[in-house]
Amino acid sequence: MMVPPMTSWNCLRRFIERVLRMSNIAVIGLGAMGRPIARNLLRAGYDVVVWNRSDRPADELVAAGARRAASVAEAMHSPVVFSVLADDRAVAETFIDSGVLAQTPGGTVHVNLATVSADLARRAGAAHAEHGVGYVAAPVFGRVPVAEAGALNILAAGEQGLIDRVQPPFDVIGSRTWRLGDRPEQANIVKILGNYLIACAIQSLGEAVSLAEGAGVDSGQFVELLTSTLFPGAVYTGYGSMIAERRYQPPGFTTVLGRKDLHLALDAANDHDIPLPIGELLRTVFDQAIADGCGADDWAVIAEQQPR
């Protein structure tokens with residue numbers, strides 16, 4: 001049976017409209033990580049809608065071709081929404097407690113790239129499901145230069161069908177997507193543990209460098225030796241050189257944010273009745289570093305603290 005031409009055209013038009021709509025993606029939160037993520041999506045040809053509390057970061061992206069949303073609610077009318085906010089409080093205030101989900105079209109997928117607690121992830125997943133909005137937790141491993149290069153490691157958890165939908169933009173901003181489970185909190189637990197291990201590495205590097213210097217060993221050569229032989233990799237190489245050079249500005253990740261993530265790890269350990277003795281030591285180290293005025297420095301500055 002032949003399809004009338006007008007019917008064929010209507011089907012084609014609806015298909016084109018659907019494709020164009022799927023190329024529309026919002027980015028909420030334009031901090032150090034949100035900006036390069038939005039830029040990479042723009043370069044990849046996405047129609048990017050941006051929203052930020054302050055205007056200047058949004059102005060830069062609008063000048064590059066993005067469209068500005070007047071509110072979070074407006075941004076949430078995009079079929080896919082990435083948010084890159086600072087912590088549990090910011091995510092809860094922006095999406096859960098604001099009533100914005102009740103205004104969001106059904107079928108929208110919200111991808112939360114923030115490092116938040118497992119409790120917040122569960123609460124967010126339930127709140128989104130109540131309003132028919134998809135929710136994927138997708139915190140990332142990688143500092144700002146990695147985000148700029150579109151080479152983040154994306155830790156994704158949620159309904160696999162939803163992750164399938166957002167995989168194309170994931171491929172733009174990341175080098176690999178790690179699918180970690182069907183429950184959003186699974187991705188957040190992995191991110192929290194990754195950051196916990198980085199903090200442990202910074203602490204142990206600080207102790208070793210202090211002892212090496214006390215014995216008259218050149219700290220730069222010591223770190224080069226370790227990272228060329230026993231401990232190759234980005235964490236020991238990057239943070240080791242920062243510690244040896246006492247180079248804590250500009251921060252890639254601040255001490256305040258590091259303490260926040262440490263507390264998330266300690267809270268998760270408490271929930272599962274698993275002790276983290278090194279974590280308790282790190283709590284003291286982070287608190288002292290912040291009390292000493294180092295909260296805005298890179299969190300590698302905790303290497304300067306030697307608790308007794």
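Figured I'd write up the structure that's included with this text.

Conventions we followed
- Starting afresh in each chain, residues are numbered from 1 along the sequence in its written order.
- Under the rules for a predicted model, residues below a pLDDT of 70 receive no local features and side-chain atom pairs below 80 are neither given nor counted, while totals for whole chains, interfaces and linings still include all residues.
- Derived side-chain values reflect all non-hydrogen atoms in the structure, with water molecules and hydrogen atoms excluded from consideration.
- Strand pairing is assigned whenever DSSP identifies at least 2 bridges connecting the two strands.
- Going along the chain from the N terminus, every DSSP run of H or I of four or more residues is numbered as a helix, and every run of E of two or more is numbered as a strand.
- Three labels apply to residues, based on accessible area from a 1.4 Å probe with only protein chains included: buried if under 20% of the type maximum, exposed if over 50%, partly exposed otherwise in between.
- Any N or O atom pair separated by 3.5 Å or less is treated as a polar contact, with the protein-specific requirement of one donor-capable and one acceptor-capable atom, and with residues adjacent in sequence counted only for side-chain atom pairs.
- Between two residues, a contact is recorded if the distance between any of their heavy atoms is within 4.5 Å.
- Throughout, the arc means that of the directions going from the helix axis to the C-beta atoms.
- Fitted lines through C-alpha atoms give the axes, limited to the stretch in contact for helices. The angle between two N-to-C directions lies from 0 to 180 degrees.
- Orientation categories follow fixed angle ranges, with anything under 35 degrees roughly parallel, anything over 145 roughly antiparallel, 65 to 115 roughly perpendicular, and all other angles oblique.
- For this classification, Asp, Glu, Lys and Arg are treated as charged, while Ala, Val, Leu, Ile, Met, Phe, Trp, Tyr, Cys and Pro are nonpolar and the rest, including Gly, are polar.

Another aspect to go through is the sheet that holds strand β5 (residues 109-112). Sheet architecture is open: six strands sit in the order β3-β2-β1-β4-β5-β6, paired in parallel fashion. Every interior strand has two partners, whereas the edge strands, β3 (67-68) and β6 (134-137), have only one. The pairing of β5 with β6 spans four bridges and is parallel. In the strand pairing of β6, His 110 is matched with Tyr 135.

Right, let's get into the side chain of Asn 188. Note on placement: Asn 188 falls in helix α9 (residues 184-214). Taking relative accessible area as the criterion, Asn 188 reaches 1% and is therefore assigned buried. At 3.5 Å, the side chain of Asn 188 forms a polar contact with the backbone oxygen of Ala 114. Every residue in contact with Asn 188, bar those within four places of it in the chain, is listed here: Ala 114, Thr 115, Val 116, Ala 121, Ala 137 and Pro 139.

Before going further, it helps to examine helix α3 (residues 55-63). Along an α-helix, residues three or four positions apart point the same way, because every turn accommodates 3.6 residues. Three or more residues of α3 are buried, namely Pro 57, Ala 58 and Leu 61. Down the axis of α3, the sector holding all buried residues measures 95°, keeping them to one side. Along α3, the residues that are exposed and aim more than 90 degrees away from the buried face are Asp 55, Arg 56 and Ala 63. If you follow the buried residues of α3, they end up packed against α2 (34-43), β2 (47-51) and β3.

With that settled, consider the packing of α2 against helix α8 (residues 160-173). With their axes 9 Å apart at the nearest point, α2 and α8 run at an angle of 110° to one another. Looking at the two axes, α2 sits roughly perpendicular to α8. Packed against α2, whose contacting residues are Ile 37, Asn 40 and Leu 41, the element α8 presents Pro 169, Val 172 and Ile 173 at the interface. Among the residues making up the contact of α2 with α8, the classes are represented as five nonpolar, one polar and no charged.

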